[in-house]
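Working through the structure, step by step
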There are 4 protein chains.
Amino acid sequence: MASKELRVAIIGYQFMGKAHSNAWSQAARFFDLPLKPVLQVACGRNETALRAFADNWGWQNVETDWRKAVERDDVDVVDVSLPQHLHHEVAIAAARAGKHLFCEKPMALKVSDAEAMLQAAEEAKVTHYVNHNYRRTPAVRLARQLIDEGKIGRIFHWRGAYQQDWIVDPEFPLTWHLRKETAGSGPHGDLNSHSVDLAHYLVGDIKTVSCLTTNFIKERPLPGQGAATFSAGTGGAAARGEVTVEDASLMMVEFANGAIGSFEATRFAPGRKNRNTFEIYGSEGSIAFDLERMNELQFHSRNDPEHAQGFRTILATESCHPYIKHWWPPGHIIGYEHEFTHAVVDFVDAVAHGAPIEPNFHDGLKCIRVLEAGLKSAASGRR
Amino acid sequence: MASKELRVAIIGYQFMGKAHSNAWSQAARFFDLPLKPVLQVACGRNETALRAFADNWGWQNVETDWRKAVERDDVDVVDVSLPQHLHHEVAIAAARAGKHLFCEKPMALKVSDAEAMLQAAEEAKVTHYVNHNYRRTPAVRLARQLIDEGKIGRIFHWRGAYQQDWIVDPEFPLTWHLRKETAGSGPHGDLNSHSVDLAHYLVGDIKTVSCLTTNFIKERPLPGQGAATFSAGTGGAAARGEVTVEDASLMMVEFANGAIGSFEATRFAPGRKNRNTFEIYGSEGSIAFDLERMNELQFHSRNDPEHAQGFRTILATESCHPYIKHWWPPGHIIGYEHEFTHAVVDFVDAVAHGAPIEPNFHDGLKCIRVLEAGLKSAASGRR
Amino acid sequence: MASKELRVAIIGYQFMGKAHSNAWSQAARFFDLPLKPVLQVACGRNETALRAFADNWGWQNVETDWRKAVERDDVDVVDVSLPQHLHHEVAIAAARAGKHLFCEKPMALKVSDAEAMLQAAEEAKVTHYVNHNYRRTPAVRLARQLIDEGKIGRIFHWRGAYQQDWIVDPEFPLTWHLRKETAGSGPHGDLNSHSVDLAHYLVGDIKTVSCLTTNFIKERPLPGQGAATFSAGTGGAAARGEVTVEDASLMMVEFANGAIGSFEATRFAPGRKNRNTFEIYGSEGSIAFDLERMNELQFHSRNDPEHAQGFRTILATESCHPYIKHWWPPGHIIGYEHEFTHAVVDFVDAVAHGAPIEPNFHDGLKCIRVLEAGLKSAASGRR
Amino acid sequence: MASKELRVAIIGYQFMGKAHSNAWSQAARFFDLPLKPVLQVACGRNETALRAFADNWGWQNVETDWRKAVERDDVDVVDVSLPQHLHHEVAIAAARAGKHLFCEKPMALKVSDAEAMLQAAEEAKVTHYVNHNYRRTPAVRLARQLIDEGKIGRIFHWRGAYQQDWIVDPEFPLTWHLRKETAGSGPHGDLNSHSVDLAHYLVGDIKTVSCLTTNFIKERPLPGQGAATFSAGTGGAAARGEVTVEDASLMMVEFANGAIGSFEATRFAPGRKNRNTFEIYGSEGSIAFDLERMNELQFHSRNDPEHAQGFRTILATESCHPYIKHWWPPGHIIGYEHEFTHAVVDFVDAVAHGAPIEPNFHDGLKCIRVLEAGLKSAASGRR
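Note on numbering: residues in each chain are counted from 1, in written sequence order. Chain labels run from A onward and ligand labels from 1 onward, assigned in the order the entries are written. For a predicted model such as this one, the threshold for reporting local features is a pLDDT of at least 70, and the threshold for listing and counting side-chain atom pairs is 80 or more; totals across whole chains, interfaces and linings nevertheless cover every residue.

Our next topic: the overall build of chain A. Broken down by element type, chain A carries eleven helices and 16 strands. Atoms considered for the radius of gyration are the C-alpha atoms alone. The globule rule reads 2.2 Å times the number of residues to the power 0.38. Computed over its C-alpha atoms, the radius of gyration of chain A comes to 22 Å, within 12% of the 21 Å expected for a compact globule of 383 residues. The C-alpha extent of chain A, read off along each of the three principal axes, is 70 × 60 × 40 Å. Residues with at least 20 other C-beta atoms within 10 Å of their own are called buried, those with 12 or fewer are called exposed, and the rest are partly exposed. The C-beta atoms themselves are positioned from the backbone. Taken across its 383 residues, chain A has 60% of its residues classed as buried. We call two residues in contact if the C-beta atoms placed from their backbones are at most 7 Å apart. Within chain A, contacts between residues at least 6 apart in sequence are counted, and of these 72% link residues at least 24 apart. Segments assigned H or I by DSSP are reported as helices when at least four residues long, segments assigned E as strands when at least two residues long, and all are numbered from the N terminus.

Now the structure itself:
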C-alpha cells in the first residue's frame with residue numbers, strides 16, 4: 001500500500017457526497033494506488049447532518065465554512081460535490097489555494113463560469129477533473145478502445161438518448177430541479193451533459209447544433225404541500241407553481257469530422273429508469289450501449305465472415321477489460337458506483353504523476369458550450 | 001369462397017411486383033374475402049421479362065402499354081408498383097378510367113403530384129390506398145389498439161429510426177437510387193416515408209419540422225463499370241459520378257398534440273439490415289417496436305403493480321392479435337410479405353363495402369408534405 | 001419455369017394440409033425448380049370440407065378413399081399430412097405403388113411401424129422424406145454450416161427445450177392430443193421429436209437416454225361438453241376423463257461422440273408459445289437458437305479477439321444465408337410456413353436428381369427409437 | 001449508527017476473504033444496522049500475505065492459528081471463508097466456542113460433515129448461516145416475493161443451468177479444483193450447490209434425483225509446469241495428471257410438491273462467463289433470471305389482458321425492490337459484491353434479534369444431501 005498520502009476535502013454531502021465518499025474509500029482497497037487517499041475533511045452547512053455523514057464514511061474532520069475547508073493546509077484535493085450552480089465559486093477558490101480539483105458534473109451553469117474555472121485551474125497548475133463518470137464504465141472505455149483500434153473506422157452516426165421517468169406524474173412537486181434559477185435547465189443540462197461528453201469522448205468535437213425543447217407539464221404543486229394543505233377558501237387545491245425548465249430536449253448535431261448525431265434527453269419516458277444509450281455507426285463496424293446494462297457492449301464488425309456477422313454482446317467483465325482485473329472474476333458484474341471508484345483511481349494516478357486526466361476543465365467547458373448553444377437554438381429555431 | 005370477382009391490373013413487375021403478386025395470390029387462400037381477387041393483367045415494358053413474371057404468378061394477360069392496361073374494361077383495380085416518380089401519371093389516368101387504386105409508397109416525388117393524384121381519385125370516387133405496409137404488421141396494429149384503449153395515455157415522445165447498411169461500401173455503384181432525378185431523395189424519402197406514416201398513424205399530425213441531411217460518400221463508381229473498365233489512359237480507375245441524394249437524414253418534429261419526435265433515416269448503419277424502430281412514451285405507458293423482430297411489441301404499463309413493472313415482450317402471434325387467426329397457431333411467426341397480404345385483404349374489403357381505407361391518398365399526401373418540409377429545413381437550417 | 005411436372009397427392013387436409021398446400025404452391029414461385037409441382041389430388045373423408053379445401057388451394061381433384069388416391073397413375077408423390085397414427089399404413093401403400101413419399105413428422109407411433117415404413121420405401125426405391133421442418137429454418141441450416149466449418153469444434157453440450165402453454169388451463173378439454181390411443185404420447189412425442197431430430201442433425205447419434213415424465217392435470221372435461229351439459233342429476237359438473245399422456249418430459253442423453261445433452265418438452269410453460277430453443281457448446285464456439293425468433297442465430301467464437309468476444313445475433317436474412325436469396329432483401333424476415341416451402345424445394349430437387357434427402361425414413365426411425373427408449377426409461381427410472 | 005458492536009473473525013483471506021471483508025465494511029455504511037460490525041481479527045497461515053490483507057481491509061488483528069482465532073474472547077462471529085473441505089472442522093470448533101457462524105458455501109464436502117456442523121451449531125444455540133449469496137440478489141428476492149404473492153401459482157417447472165467456460169482450453173492446468181481430494185467434485189458441487197439452493201428457496205424440497213456426469217478432458221498439465229518443464233528425456237512434453245472430478249453434470253428432479261426440474265452445471269460453455277440462469281413456470285405465470293443480468297427479472301403473468309401478455313423485464317432497482325433503497329436511485333444498477341453486503345445486513349439483524357436466518361445449516365445440509373444423491377445416481381444410472 002502507498003505510504004504517501006493524498007488528503008481530500010469534500011464539499012457537499014448529499015447524493016454525490018455519498019457516491020464520492022464511497023469511491024475515496026474503495027479505490028485503495030481494490031486498486032494499487034501511488035498515493036493513499038485520506039478522507040481528511042467533510043464540509044457542509046448543517047452540522048448535525050454533516051457529522052453523521054462524516055462518521056459514516058470516516059471523514060476525519062468537519063467544516064461548516066467551505067472557504068476554510070478549501071484553504072486548509074492539510075488538504076491536497078478539493079472534491080466539489082455541490083449542486084451545479086455552486087461549483088464555480090468553490091472551484092476557483094480551491095484552485096487559488098493550490099488544491100487539485102475533483103469536480104462533479106456538469107462543470108457549471110454558464111459558459112462564462114466554466115471559463116473562469118478553467119482559467120483559475122490552469123493558472124494554479126493544479127490537476128483538474130470533471131466527473132463525467134460514464135467515461136469510466138468498462139464497456140464505454142472498451143468502446144473507445146475499439147474505436148482507437150480502427151474497428152469502427154470512419155464514424156458516420158451518433159444516436160444517443162438519456163431517458164428517465166421520475167416526473168411523469170403531474171402531481172410530482174415543483175422541486176429545485178424544475179426551477180431555472182436553481183437548476184439552470186432540465187434534462188438538457190442534467191442528462192445531455194452526460195451524453196454530449198460521451199459523444200466528445202467517442203466521436204469528436206461538435207460543430208453545429210439544432211435543438212428543440214418542450215414542457216409537457218407547465219405547473220406543479222409546490223413542494224411540502226401535501227394532504228395538509230386543504231383549505232376551505234381554495235376548494236382544497238394545493239398551491240401550484242410554474243415549471244421553468246424544459247421537460248425534454250432533442251438535438252441534432254454535425255461533428256467536425258463529418259459525422260452527424262442526435263440526442264434526446266427526457267424525464268418523461270415511462271419504463272426507462274436511467275437509460276443512457278448510444279449507437280455509433282462507422283465504416284468498419286458499429287457499437288451500441290445502454291447504461292441499464294452497463295456491463296455489456298454491443299459490437300458489430302463488417303470484417304467478420306459475411307455469413308457470421310451480427311451485433312455481439314460483449315460482457316465487459318474479463319480481466320482484459322478496463323479496470324476489471326481489480327474486481328471479480330469474469331461474469332461477476334459491477335455496478336453504478338464502481339465508475340466513481342475508477343475516476344478516483346485515475347485521478348490519484350494523474351496527481352501522483354503530474355499528468356493531465358480526461359475529462360478535465362477543457363472538456364467540461366466544451367460540453368457546457370454545446371449545451372448553451374443548444375438552448376439558443378431551441379429559442380431561435382435555427383441551427 | 002367469394003363468387004364475385006375483383007380484377008386487378010398490376011403496373012410494374014420488379015421487387016414490388018413480386019411482393020404485390022404474392023399478396024394478391026395469398027389473400028384469398030388464408031382469409032375469407034367478400035370479393036375474389038383475379039390476377040387479370042400484368043404490365044411492363046420488357047415483354048420477355050414481363051411474360052415470365054406473369055407466368056410465374058398467374059397473371060392471365062400481359063400489356064406492354066400501361067395506358068391500355070389501366071383502361072381495360074375487364075379491370076377493376078390498378079396496382080401501381082412502379083418506381084415513385086412514375087406513380088402520379090399512372091394513378092391519375094387509372095382514376096380517370098374509374099379504377100380503384102392500390103398504390104405503392106411513397107405516393108409521389110412532390111407535393112404537387114400527390115395533390116393531383118388525390119384530386120383525381122376523389123373526383124372519380126374510387127377507393128384509393130397508399131401502401132405504407134408497416135401499418136399492417138400485427139404488432140404495429142396492436143400498438144395502435146393499445147393507444148386507442150388509453151393504455152399509453154397522453155403521448156409525449158416519438159423516437160424513430162429506419163436504418164440500413166447497403167451502401168456503406170464506397171465502391172457500391174451509383175445506381176438510380178443515388179441520383180436525385182430518379183429517386184427524388186435518399187433515405188429521407190425512401191425510409192422516412194415509412195416512419196412518418198407510422199408516426200401519423202400512432203401519434204398524430206406533425207406541426208413543425210427541423211431537418212439535417214448529409215453525404216458521407218460524395219462520388220461513386222458508375223454502374224456497370226466493373227473490372228472491365230480498366231484502361232491505360234485513366235490509370236485503371238473506373239469512372240465516377242456524383243451522388244446527388246442525401247446519405248442520411250435526421251429530423252426533429254413537434255406534433256399538433258404537443259408531443260415531440262425524432263426521426264433518423266440512413267443507409268450507413270452497419271449491422272442494421274432493415275431496422276425500422278420506434279419508441280412511444282406517454283403518460284400511462286410506453287411502446288417500442290423493431291421491424292427486424294416484427295412479430296414482437298414491447299409494452300410498458302405504469303398501471304402494473306409498482307414492483308412488477310417492466311417492458312414486456314408481446315409476441316403478437318395470438319389469435320386475438322390482428323390478422324393472426326388466419327395464419328398459424330401461437331408462436332408460429334409470420335414474415336415481411338404477410339403485411340402486403342393484409343393490405344390486400346383490407347383493400348378488397350374496402351372496395352366491397354365502398355368504405356375508405358387507411359392510409360389513403362390523404363395520408364400519402366400528408367406524408368409527402370412533411371418530407372418536403374424536411375428537405376426545405378435541411379437546406380435553410382431553420383425549423 | 002420447369003416444363004416437366006411432379007404430380008402430388010395430399011392425404012389429409014387439416015392444419016398440416018394447409019401448411020403443405022401452401023408450400024407446394026409457393027415453392028415454384030420463389031425458387032427455380034427442376035420439376036413443376038402440380039397439385040393433382042387432395043384426399044380426405046369429409047367430401048364437403050375436402051372440396052372447399054381443394055378449391056381454396058387449387059388441388060385439381062379430390063378423392064375420399066386414400067387407397068385410390070395413392071394408387072392413381074397420375075400421381076408421382078404422396079404427401080402424408082395425416083395424424084401420426086395413420087402414417088404407416090398410407091406410407092407403406094404409397095411406397096408399394098411406387099410413389100415418392102413426403103411424410104409429416106413424427107414418422108410413426110412405434111419403432112416397429114417406422115421400421116416397416118423404411119423397409120417399404122427402400123424396397124420401392126422411392127425418395128422418402130420425413131418433414132422435420134425446423135432443419136430448413138435458414139438460421140438452423142446456418143448453425144449446421146458453422147459446425148461443418150469447424151467454428152464450434154468438438155461439441156460438449158446440447159441444451160434443448162420445446163415449450164408451449166396451451167393446456168395450462170385445467171378446464172382445457174380432453175382432446176385427442178391428450179389420449180394415448182390417438183396421440184401415442186404428449187409433448188414427449190410431439191415436441192421432443194423436433195428437438196431430437198435437430199440434435200441428431202447438429203450433434204450426432206444418441207447413445208443413452210434417461211427420461212422423466214409427469215402429469216400435472218390428471219383429469220379434464222370431456223370435449224364438446226360445455227355449458228350444455230348441466231343436468232340436475234350430476235349437480236351440474238361436466239363429465240371428466242383421464243389424461244393418458246404425459247404433460248411434460250425431461251431427458252438427459254449421452255451422444256456417441258461424447259457430448260451430453262438435455263431435453264425438455266412441455267405444454268405447461270406460460271408465456272412460451274412455441275419456443276423451440278437449443279444451445280450448443282463446443283471447443284471453439286457456441287450456438288443458440290429460439291424458434292420464436294427463428295430468423296436469428298446466436299453465435300459465440302472463441303477465436304474472436306479476447307476483448308471483443310460475445311454472443312452475436314446473426315440475422316439470417318442475408319443473400320448468403322441458406323434459401324434467403326429467393327425471398328426478400330436483407331432484414332426482411334420470413335415466417336413459419338417458409339420452412340415447408342424449403343422442404344418442398346429440396347424434395348423436388350432430390351426426386352429430380354434421384355438423390356436422397358435428409359431427414360429421410362432412416363432419420364425418422366432413429367428419432368422414434370430415441371423417443372421410445374425415453375418412455376421406457378421414464379417408466380423404469382434407469383438410464 | 002449502532003453503538004453496540006459485533007466483532008468478527010474471518011478465517012481465510014483469498015477470493016472469498018476479499019468479498020466478505022468488503023461486505024463487513026460496506027454494510028454499515030449503506031444500511032442502518034442494529035449492531036456495528038467490527039473487523040476484529042483475520043486469520044491465515046501465511047503471515048506476510050495475511051498482514052497485507054488485514055491492512056488493506058482494516059482487520060485490526062491477525063492470527064495464524066485458526067483455533068486461537070475462533071476462541072478469542074473479543075470475537076462474536078466466525079466467518080468461515082476457507083475452501084470447502086476445511087469448513088466443518090473450523091465451524092464446529094467455533095460453534096463450541098459459542099461464536100455465531102457465517103459460513104461460505106457449499107457447507108461441506110459430505111453429508112456427514114454437514115450433519116456434524118448443524119448439530120454443533122444447534123447445541124451451541126448460535127446463529128448459523130450458509131452463504132448461498134444469490135438468494136440475496138434483489139431480483140431473486142423479488143422472484144420469491146412474486147411466488148409468495150401467488151403470482152406464479154402452482155409451480156410446474158424449474159429449468160436451471162449454471163454455466164462457465166474457464167477450463168475449455170485443454171492446456172488449462174490441473175489445479176486443485178480438478179482433483180477430487182481437494183474439491184470433492186467439479187461443477188456439480190461448486191455450481192449446482194448454488195442452483196439447488198435457489199430451487200429449494202423458490203420451488204421447495206427435492207424428492208428424487210437422476211444425474212449424469214462426464215469428463216471431456218481426462219488429463220491436464222500439472223500446474224506450475226509451464227515452459228520451464230522441457231527436458232530432453234520426455235521430448236519436451238509437460239507432465240500431465242488425471243482430472244478426477246466431473247467436467248459437467250446434468251440432473252433431473254422431482255419436487256415434493258409435484259413440480260419437476262432440470263439442472264445443468266458446466267465449465268465447458270464458451271461465452272457463458274457466470275451464467276446462473278433459471279426459469280420457473282406455474283399455473284398463473286412464469287419467471288426467468290440470468291445472473292449475468294442480475295438486476296433484471298423476467299416475469300410473465302397469465303392474468304394480464306390476453307392481447308398484452310408477454311415476459312416483462314423488471315429492472316429490480318426501484319426503491320420498492322428488496323435492499324435497493326439503501327443504494328442508488330432507480331436504474332443505477334448494483335453488482336456481484338452487493339449480495340454479500342445484503343447477507344451481512346441480514347445476518348447482523350438475525351444475531352441482534354436472536355432470530356434465525358435463511359439459508360442456515362439446515363438448508364446447507366439439505367443442499368449437500370441432494371448433491372450427494374446426484375453423484376450416487378450418476379454412478380448407478382438410476383433415479
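Now for the relation of the copies chain D and chain C. Copy-to-copy superposition: least squares on the C-alpha atoms, limited to residues that have pLDDT of at least 70 in both copies. The transformation that overlays chain D on chain C combines an axial shift of 0.0 Å with a rotation of 180°, and the residual RMSD is 0.0 Å. Seen this way, the second copy is the image of the first under a two-fold rotation axis. The rotation axis passes nearest to the C-alpha of Arg-382 of chain D in chain D, at a distance of 2.3 Å. A share of 100% of the interface residues of chain D reappears at the interface of chain C, consistent with the copies meeting face to face through the same patch.

In this complex, chain D contributes 16 residues to the contact, which on the side of chain B involves 16 residues. Of all the elements in the fold, those that place two or more residues in the side of chain D that touches chain B are helix H6 (138-148) and strand S16 (311-315) of chain D. Of the residues forming the side of chain D that touches chain B, the biggest block, five residues, is contributed by S16 of chain D.

What follows is about the interface of chain D and chain C. Contact residues are listed per partner, giving 33 residues for chain D and 33 residues for chain C. Of all elements in the fold, only strand S7 (155-163), strand S8 (206-214), strand S11 (248-255), strand S12 (260-266) and strand S14 (285-290) of chain D reach the threshold of two or more residues within the side of chain D that touches chain C. We call Asp, Glu, Lys and Arg charged. Ala, Val, Leu, Ile, Met, Phe, Trp, Tyr, Cys and Pro are nonpolar, and the rest, Gly among them, are polar. Its residues placed into classes, the side of chain D that touches chain C shows 14 nonpolar, 14 polar and five charged.

Turning our attention to H6 of chain D. Residues and elements named next belong to chain D. With eight of its eleven residues buried, H6 lies for the most part within the structure. Taken as a whole, H6 has its buried residues at Pro-138, Ala-139, Val-140, Arg-141, Leu-142, Ala-143, Leu-146 and Ile-147. Buried residues in H6 make contact with helix H9 (192-202), S14, strand S15 (296-301) and S16. Where H6 ends, the next residue or the one after it, Gly-150, has phi of about 85°, a positive value.

A few words now on the domain arrangement of chain A. Residues and elements named next belong to chain A. All the domain ranges listed were derived from an automatic or database domain assignment. Taken domain by domain, chain A comprises domain 1 (5-134) and domain 2 (138-293 + 295-334). Opposite the nine residues of domain 1 that make contact, domain 2 presents twelve residues. Looking at side-chain class alone, the side of domain 1 that touches domain 2 contains five nonpolar, three polar and one charged residues.

With that out of the way, let us pick up the relation of the copies chain D and chain B. Of the transformation superimposing chain D on chain B, the axial component is 0.0 Å and the angular component is 180°, with the fit at an RMSD of 0.0 Å. The overlap is high: 100% of the interface residues of chain D also sit at the interface in chain B, so the same surface is used on both sides.

Let us now look at the packing of helix H1 (residues 15-30) of chain B against helix H10 (residues 338-353) of chain B. All names here are of chain B. Between H1 and H10, the shortest axis-to-axis distance is 8 Å and the interhelical angle comes to 65°. Note on packing geometry: the crossing formed by H1 with H10 is right-handed. Facing H1, whose interface residues are Ala-19, His-20, Asn-22, Ala-23, Trp-24, Gln-26, Ala-27 and Phe-30, H10 presents Phe-340, Thr-341, Ala-343, Val-344, Val-345 and Val-348. Residue classes in the contact of H1 with H10 are distributed as ten nonpolar, four polar and no charged. Between N-to-C directions, angles cover 0 to 180 degrees, with each direction set by a line fitted to C-alpha atoms, over the stretch in contact for helices. Rotating anticlockwise by less than a right angle from the far helix to the near helix defines a left-handed crossing, while the corresponding clockwise rotation defines a right-handed one.

Looking now at the sheet that holds strand S1 (residues 5-11) of chain D. Residues and elements named next belong to chain D. Whether two strands pair depends on DSSP finding at least two bridges between them. With respect to topology, six strands assemble into an open sheet ordered S3-S2-S1-S4-S5-S6, the strand pairing being parallel. The sheet is open, and its two edges are formed by strand S3 (61-63) and strand S6 (128-131), each paired on a single side. Taking the axes of each pair of neighbouring strands and ignoring which way they run, one obtains an average angle of 25° across the sheet. Relative to strand S5 (residues 100-104), strand S4 (residues 77-80) is paired through four bridges, and the arrangement is parallel. What sits directly across from Asp-79, in S5, is Phe-102. In the packing of helix H2 (residues 47-57) onto the sheet, the strands contacted are strand S2 (36-43) and S3, and the crossing angle to S2 comes to about 165°.

Residues and elements named next belong to chain A. Here pLDDT means the predictor's own confidence in every residue, given as a number from 0 to 100. The predicted model of chain A has a mean per-residue pLDDT of 94, with 96% of residues at 70 or higher. Ignoring residues within four places in sequence, the model shows residues 226-236, a span with pLDDT below 50, making three contacts including any to other chains. This prediction of the complex comes with two scores: 0.96 for pTM and 0.94 for ipTM.

Below, the discussion takes up the packing of helix H5 (residues 111-124) of chain B against helix H11 (residues 361-380) of chain B. Residue and element names in this part refer to chain B. At a closest axis distance of 9 Å, the pairing of H5 and H11 adopts a crossing angle of 170°. Taken together, the axis directions place H5 and H11 in an arrangement best described as roughly antiparallel. Two secondary-structure elements touch here, H5 through Val-111, Ala-114, Glu-115, Met-117, Leu-118 and Ala-121 and H11 through Phe-361, His-362, Gly-364, Leu-365, Ile-368, Arg-369 and Glu-372. Residue composition of the contact of H5 with H11, grouped by class: eight nonpolar, two polar and three charged. Any angle between 65 and 115 degrees counts as roughly perpendicular, while under 35 counts as roughly parallel, over 145 as roughly antiparallel, and the rest as oblique.

Residue and element names in this part refer to chain B. Among the ten residues that make up helix H4 (residues 87-96), seven are buried, leaving the element largely enclosed by the rest of the structure. Along H4, the positions that sit buried rather than exposed are His-87, His-88, Val-90, Ala-91, Ile-92, Ala-94 and Ala-95. Phi for Gly-98, located one or two positions after H4, is positive at around 80°.

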